[in-house]
Amino acid sequence: MAGTMTAMPIRYPAPLRPGDRIGVTSPSSGVGDALWGRFTYAVSCLRDRGFEVVVGELNHAPSHVSGPREARAEELMGMLLDPTVRAVVPPWGGETGIDLLDLLDLDAVAASEPTWCVGFSDTSTWLTPLTLSTGIATIHGQNLMDTPYAVPDGILHWVDVASTPAGGELAQHSPGRFRSGGWDDYAADPTVSRMTLDGRGTWTRIDPGQEGEPVTLTGRVVGGCVETVGLLAGGRFGDTNAFAAQHAPEGLVIVLDVCEWASYDICRTLHAMRLHGFFDAATGVLVSRTAAPGRDGFTQHDAVRDALGMLGVPILADVECGHVAPYLALVQGASTTVVHDPEAGTHTVTQRLA
């Protein structure tokens, strides 16, 4: 008689504690002189929380990359394999972090004591493959430059998430407020710590025929920035099906961060991801609120419906999981329950580190 394969557990890094070392490196874009004040202030905020911050050599660079890909991979790997570094956070994302993927020794990472890694945008390009390939939990949401912000009600700060012990529960909900446009001027005010959340609105259910209906989703969260992770679908760095088979037989809640591409580009990319099987194990999809444009009456919501509507799973849009502030800190790999009930005003994400 054939046996039933037991799912391999997700590995959660040890919770952060005051005195722990946090590594700061730039696997993609560096920080130029104009915004270096924000960088140093963000580092000081971590030190004020009681952490020792290890600042890598490849951060202060004005280019779209912080250095040669070999150097960036080496600095990142050094921090991931250093047992005294308990978390790694880049200043932000960037543009071409994909160039170092084939230089990362993910087998060595899997064999080492796990380290909390956190970020979004181009950081997804290596963060998501790390979770998919090793089964080590990572945190999608907030970067070093976002660290000084006081998070609004309903959102957890990434440091607090990374400080949660295995087995712990994390509850977040939509604050119903968001930034309607623009960015804070870090050059003029490097110490800004209050988010401008001048817009009002929350999640929207957009899967065809179910708009506005309440829904509860369960599964393990994986995903990332469509413009970067979308290019990995179907390959060894974006194999959601292998991850689901090994770690998540209950299925996956896929998180999609739409950054800047117009609706036609997002539609094509999501179709390609679907055709590559990226959504085969999905129990539902969370799509970020985005400032990216539509085209010719074809909105960003239309793009998602066109590409993913035939999946037959719930799709929630305008979730705080993208480039529009505020940013949920979501643990990739965690057991997750999402509840969306517009009539009751309930829009919650509950994660268990189990």
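Scroll up for the structure.
The shown structure was predicted, so the numbers you read here are calculated from the model rather than taken from an experiment. Sequence order sets the numbering: in each chain, residues are counted from 1 along the sequence as written. This being a predicted model, a pLDDT of at least 70 is required before a residue's local features are given, and a value of 80 or more before pairs of side-chain atoms are given or counted; all residues contribute to the totals for chains, interfaces and linings. Water and hydrogen atoms were dropped before computing side-chain values, which therefore reflect all heavy atoms in the structure.

**Q** Would you mind going over the state of the cysteines with me for this structure?
**A** By definition, a disulfide links two cysteine residues through a covalent bond between their sulfur atoms. Disulfide: a pair of cysteine sulfur atoms within 2.5 Å of each other. Enumeration according to the criterion identifies 0 disulfides in this entry. Looking at the unpaired cysteine 321, the closest cysteine sulfur is the one in cysteine 225, lying at 11 Å.

**Q** Help me understand the environment of serine 193, please; the structure alone is not making it clear to me.
**A** What counts as a helix is a DSSP run of H or I of at least four residues, what counts as a strand is a run of E of at least two, and both are numbered from the N terminus. On the secondary structure map, serine 193 appears in the loop between β7 (177–178) and β8 (199–200). The buried label applies to any residue whose accessible area, calculated with a 1.4 Å probe on protein chains only, is under 20% of its type's maximum; exposed applies above 50%, and partly exposed to all values in between. The exposure class of serine 193 is partly exposed, given its relative accessible area of 33%. Counting along the chain gives 47 residues from serine 193 to aspartate 146, while the straight-line C-alpha distance between them is 8.5 Å. Contact definition: two residues touch when any of their heavy atoms are within 4.5 Å. Setting aside its immediate chain neighbours within four residues, serine 193 contacts Pro148, Tyr149 and Ala150.

**Q** Explain the packing of aromatic side chains to me, please; I cannot follow it from the model alone.
**A** The way to describe two aromatic rings as a pair is by their centre distance and the angle between their planes. Put simply, two rings from Phe, Tyr or Trp (the six-membered ring, in Trp's case) pair if the centres are within 6.5 Å, and we call them stacked under 30 degrees between planes, edge-to-face over 60, tilted for the rest. All chains considered together, the criterion is met by 4 aromatic pairs. Plain terms: the ring middles of tryptophan 36 and phenylalanine 39 are 4.2 Å apart, the flat faces sit at 15 degrees to each other, and that makes the pair stacked. Taken together, the residues span about one helical turn, with tryptophan 36 and phenylalanine 39 both in helix α1 (residues 36–48) at a distance of 3 residues. Against the face of tyrosine 149 rests arginine 38, its NZ or CZ located 4.9 Å from the ring centre. Looking at arginine 289, its charged tip hangs above the ring of phenylalanine 178, at a distance of 3.9 Å from the centre. Both a distance and an angle decide whether a charge sits over a ring: NZ of Lys or CZ of Arg must be within 6 Å of the ring centre and within 35 degrees of the ring normal.

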